[in-house]
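Chain by chain, the residues run as shown.
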Amino acid sequence: MTGLAVRAAGAAPQDELRVASHVSLAPTWFDPAETPGIITPFMLLYALHDALMKGMPGNPAAPCLAESYTTAPDGRSYTFALRKGVRFHNGEEMTAEDVKFSLERYRGAASKSLKERVARVDIHDSHRLTIHLHNPWPDFLTYYAGATGAGWIVPKKYVEKVGEDGFKKAPIGAGPYKFVSFTPGVELVCEAFEGYWRKKPSIRRLVFKVIPDEATRLAALQRKEVDIAYSIRGELADELLRTPGLTLNPAVSSAPFWLYFPEQWDAQSPWHDKRVRQAASLALDRTTINQALTMGHSHLTGSVFPENFEFYWQPPKPAYNPEMARKLLAEAGHQRGFDAGEYFCDASYANIGEVVLNNLREVGIRVKLRPLERAAFFKAYSEKKFKNIVQGASGALGNCATRAEAFVAKGGTYAYGSYPDIDTLFAEQAVQMDRTKRTEILHRLQQLVHEKAMYAPIWQLAFLSGVGPRVGQSGFGLIAGFAYTAPYEDLTLKGQG
């Protein structure tokens, strides 16, 4: 049905850019307060909203709604000077009240850390405020301006007027594009906000078309019914390269992919035995998967932490050894392998799962693929509803500490259990202000994650996208480590902007 809708729509008007999304868009992603610690919502946040500071070209934490900030000598407070004259899409001026409201309202990933560490917010005047911490926290800005949506500002009066559900139905932000309409499963339509503080977008309308099927996305790009198509892999990427006028953009994002074993803390589960987890990792033919799906562009780091993140530790190169995998399974009492139940994954990356399933089956680990739409997948993942094997990933911004908090440490959004020695290290690094010592602690933490085989890393994804002939500046690669096209106000169509 989606494909038919795209065909009927025809080519885009001259002043409209159409982006084919590889996932169904969820209204929860229209609201910064619910940012779930993955990169996908930022695809929409960069259009509809703005932040005090955010990743921009040449700067991973560029001042935006905040013109500047100062840190107290004791490291316990941060004072922000807000940009004056910034208006939300409904004409209201942004003030310090909106900033305080947005932080206190935030309930997404790492909200627990923020709420535990932030003591209070003092408003000095309409454009200056101070965020006080209970204790020095070296990662405050990393969380506030990168790894979470807490620093993305929404209008207090409007949210209080329309309520939480009303805000998702008609979000108002301070970003370069205004919300026009949303048809679930079909499209999100946005219009340029001429009053955007940074600059007026050169493209009048921005339309996100929901096209989950990869072949249908490519066909729409070839017929010029969309201008940008996210996530084109494998044979379809080869076909795209052979199509005159189309270009392929391989962006290595901050998104490692992995297999997670949520039952490794259950003594009755086969996954409790480290040898079984190691066997699953040894069964993965990562080089072949990389060549087949991302044309060799993805990086086989062997880590669930992004190699481009601060405090990264490089583990040994991951090995492909099915014979050793079978040997380890036999030693663990599974000479004939075992039925491992369901393999849960984000439906937009089910083709990775299909290859991985074959690899696992070859060594005797038998699983059934269970793909879910992205929003439903991450909701169930965070609510700890999965068993057996989870094919996970995250392209969220931050550093190795923010990634450890979400996926490794006790109480993490996606951590189904933890190990005391790792939890001890995580607590130590969180208050360590000496950078050298903190690096040592975080390196040891990552080393333990590797040694315990908590995860079986697949790769750090190269996100392949197609760009059509009408596009001037596509935005790909302008923001380091960001898979999608942004900032939207910088995008151009040929002959414009």
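Residues numbered from 1 in each chain as written. Predicted model: local features only at pLDDT ≥ 70, side-chain atom pairs only at ≥ 80, totals over all residues. Heavy atoms only, no water.

*Asks:* Outline the confidence of the model for the chain, supporting the account with residue identities and numerical values.
*Replies:* For the chain, the mean per-residue pLDDT works out to 95, and 98% of the residues sit at or above 70. Confidence over residues 1–9 falls short of pLDDT 50; this stretch has 13 contacts with residues more than four positions distant or in other chains. (pLDDT = per-residue confidence, 0-100. Contact = heavy atoms within 4.5 Å.)

*Asks:* If you had to explain empty space enclosed by the protein to someone new, which residues and values would you point to?
*Replies:* Applying the stated criterion to the full structure yields two cavities of 30 Å³ or more. The computed volume of the largest cavity comes to approximately 200 Å³. Taken together, 21 residues make up the lining of the largest cavity; nearest its centre are Ile 39, Phe 257, Tyr 349, Arg 374 and Ala 393. Of all the secondary structure elements, the ones that give two or more residues to the lining of the largest cavity are β12 (247–260), α13 (374–382), β15 (389–393) and β16 (455–467). Looking at the lining of the largest cavity, its residues break down into twelve nonpolar, seven polar and two charged. By volume, the second largest cavity amounts to about 30 Å³. (1 Å grid on protein atoms, 1.4 Å probe; cavity = no way out; pocket = protein on both sides within 12 Å on 5 of 7 lines; lining within 4 Å. Points joined across faces, edges and corners; volume = space filled by probe spheres on them. Helix = DSSP H or I, 4+ residues; strand = E, 2+ residues; numbered from the N terminus. Nonpolar A, V, L, I, M, F, W, Y, C, P; charged D, E, K, R; others polar.)

*Asks:* An account of the pattern of salt bridges is requested, with residue identities and associated values reported.
*Replies:* In the structure shown here, the tally under the stated rule is 35 salt bridges. The salt bridge partner of Asp 122 is Arg 120, with a shortest N-O separation of 3.2 Å. If you follow the salt bridges from partner to partner, you end up with Asp 15, Glu 16, Arg 18, Glu 191, Arg 204 and Arg 205 in one network. (Salt bridge = Lys/Arg side-chain N within 4 Å of Asp/Glu carboxyl O.)

*Asks:* Describe the layout of surface pockets, and please don't skip the residues or the numbers.
*Replies:* In this structure, the largest pocket occupies an estimated 560 Å³ of space. If you trace the largest pocket, you find 32 residues lining it, with Ser 113, Glu 405, Gly 411, Gly 412 and Phe 426 closest to the centre. Those elements giving two or more residues to the lining of the largest pocket turn out to be α4 (111–117), α5 (140–147), α14 (400–407) and α15 (420–430). Residue composition of the lining of the largest pocket, by class: 13 nonpolar, ten polar and nine charged. Approximately 460 Å³ is the volume attributed to the second largest pocket. Taken together, 23 residues make up the lining of the second largest pocket; nearest its centre are Pro 60, Ala 61, Thr 142, Leu 397 and Gly 398.

*Asks:* Describe the environment of Leu 246, naming the residues involved and giving the relevant values.
*Replies:* With respect to the helices and strands, the residue Leu 246 is situated in the loop between α8 (234–242) and β12. Note: C-alpha distance between Leu 246 and Ile 365 (119 residues apart in sequence) is 41 Å.

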